[in-house]
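Chain residues, written in single-letter form:
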Amino acid sequence: PSALAAELGAGFEVIAEGMGGRTTAFDDHLSDCDRNGARLLPSILHSHRPVHLAILMLGTNDLKPATAGNAASAYLGMKRCVEIVKKHSTRLPQPVETKVIVVAPPLVVATPDVFFAEMFEGAIEQSAKLSNYYRALSVEFECGCFDAASVAKASPIDGVHLDAANTRAIGVALVPEVKRIL
């Protein structure tokens, strides 16, 4: 988010609402707090209103077998999040149409970390499917779409998280899509 803000420059406010472990729409009862994106999204949108553009990059944590376990479920969860964004602002005083960019996260990669490899069993194959699912979703809802795997890779340290350079690459690469939509 900070790289996106720096590249966009004055006149844009980028609000970071990222959280490790967040899912699209699934509960993780083992985590220390609520990480269900669909449940948290209305409060986030309301607290930052008016929101002109929501950039949603979720789905990797949905691929854990204990959460949902597959790309089709992540697609349905992301679809729910897009529906929430599209319908939420119309209920507020002085509504603003919130546009959306759906971002397919970078691919899950092999890791020597046995714990993460087990926790994300099957996710390497499933993560490769997210881009096509999200592209179809963006057509259905007439929103932007970006494949973060085109510019970034997950760290092999754990196979899922991004280092600073890859996080920055996504922020910089989103600039043209943000400007096109806004």
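Keep in mind that what you see is a predicted model, and the values were worked out from it rather than measured.

Engineer: Honestly, the nonpolar core in this entry has me stumped. Any pointers?
Structural biologist: Across soluble globular proteins, nonpolar side chains show a tendency to be buried alongside one another. Membership of the largest hydrophobic core comes to 29 residues, with the highest contact counts inside it found for Leu56, Met78, Val82 and Val102. Only helix 2 (37-47), strand 1 (53-56), helix 3 (71-88), strand 2 (99-104) and helix 5 (123-140) provide two or more residues apiece to this core. Ranked by residues supplied to this core, first place goes to helix 3 with eight residues. Of all hydrophobic cores here, the second largest spans 13 residues; its members include Leu8, Val103, Ala148 and Ile170.

Engineer: I would appreciate a short explanation of the pairing of strand 3 (residues 144-147) in the present structure.
Structural biologist: The side chains of a regular strand alternate, first on one face of the sheet and then on the other. Where burial is concerned, the two faces of strand 3 differ: the one with Gly144 and Phe146 is buried and the one with Cys145 and Asp147 is not. Both strand 2 and strand 3 contribute to a ladder of four bridges, which runs parallel. From the neighbouring strand, Ala104 faces strand 3, where its bridge partner is Asp147.

Engineer: Mind showing me how you'd approach the sheet that holds strand 2 here?
Structural biologist: Spatial ordering of the open sheet is given by 1-2-3, a layout of three strands whose pairing is parallel. Of all strands in the sheet, those bounded by a partner on one side alone are strand 1 and strand 3. Averaged over all adjacent pairs, the angle separating strand axes in this sheet is 15°, with direction ignored. Relative to strand 2, strand 1 is paired through four bridges, and the arrangement is parallel. Opposite Leu56, over in strand 2, you have Val102 as the bridge partner. Here helix 3 sits on the sheet and contacts strand 1 and strand 2; the angle it forms with strand 2, its principal contact strand, is near 165°. The strands that helix 6 (residues 164-181) touches are strand 1, strand 2 and strand 3; relative to strand 2, the one it contacts most, it runs at about 155°.

Engineer: Would you mind going over helix 2 with me for this structure?
Structural biologist: Looking at helix 2, one finds that the buried residues are Gly37, Ala38, Leu41, Ile44 and Leu45. Taken around the axis of helix 2, the buried residues stretch over an arc of 105°, which confines them to a single face. Turned more than 90 degrees from where helix 2 packs its buried face, Ser43 and Ser47 sit exposed.

Engineer: Would you mind going over the packing of helix 2 against helix 3 with me for this structure?
Structural biologist: In a pair of packed helices, the angle between the axes and the distance between the axes together describe the arrangement. For the pair helix 2 and helix 3, the least separation of the axes is 9 Å and the interaxial angle reads 25°. Between helix 2 and helix 3, the angle is such that the two are roughly parallel. When the axes of helix 2 and helix 3 are compared, the crossing they make is right-handed. Contact with helix 2, carried on its side by Gly37, Ala38, Leu41, Pro42, Leu45 and His46, involves Arg80, Cys81, Ile84, Val85 and His88 of helix 3 and no other residues of that element. In terms of residue class, the contact of helix 2 with helix 3 is built from seven nonpolar, three polar and one charged.

Engineer: Would you mind showing me how to read the side chain of Asn166 here?
Structural biologist: Of note, Asn166 is situated in helix 6. Discounting chain neighbours no more than four positions away, the residues touching Asn166 are Val151, Ala152 and Lys153.

Scoring rules and cut-offs
Residues numbered from 1 in each chain as written. Predicted model: local features only at pLDDT ≥ 70, side-chain atom pairs only at ≥ 80, totals over all residues. Heavy atoms only, no water. Core = buried A, V, L, I, M, F, W, Y, C linked by side-chain atoms within 4.5 Å. Buried < 20%, exposed > 50% of the residue type's maximum accessible area, 1.4 Å probe, protein only. Helix = DSSP H or I, 4+ residues; strand = E, 2+ residues; numbered from the N terminus. Pairing = 2+ DSSP bridges. Axes fitted to C-alpha atoms, helices over the stretch in contact; angles between N-to-C directions. Contact = heavy atoms within 4.5 Å. Arc of directions from axis to C-beta. Parallel < 35°, antiparallel > 145°, perpendicular 65-115°, else oblique. Left-handed = near helix turned anticlockwise from the far one by under 90°. Nonpolar A, V, L, I, M, F, W, Y, C, P; charged D, E, K, R; others polar.

Worth remembering: the numbers are spatial, not functional.
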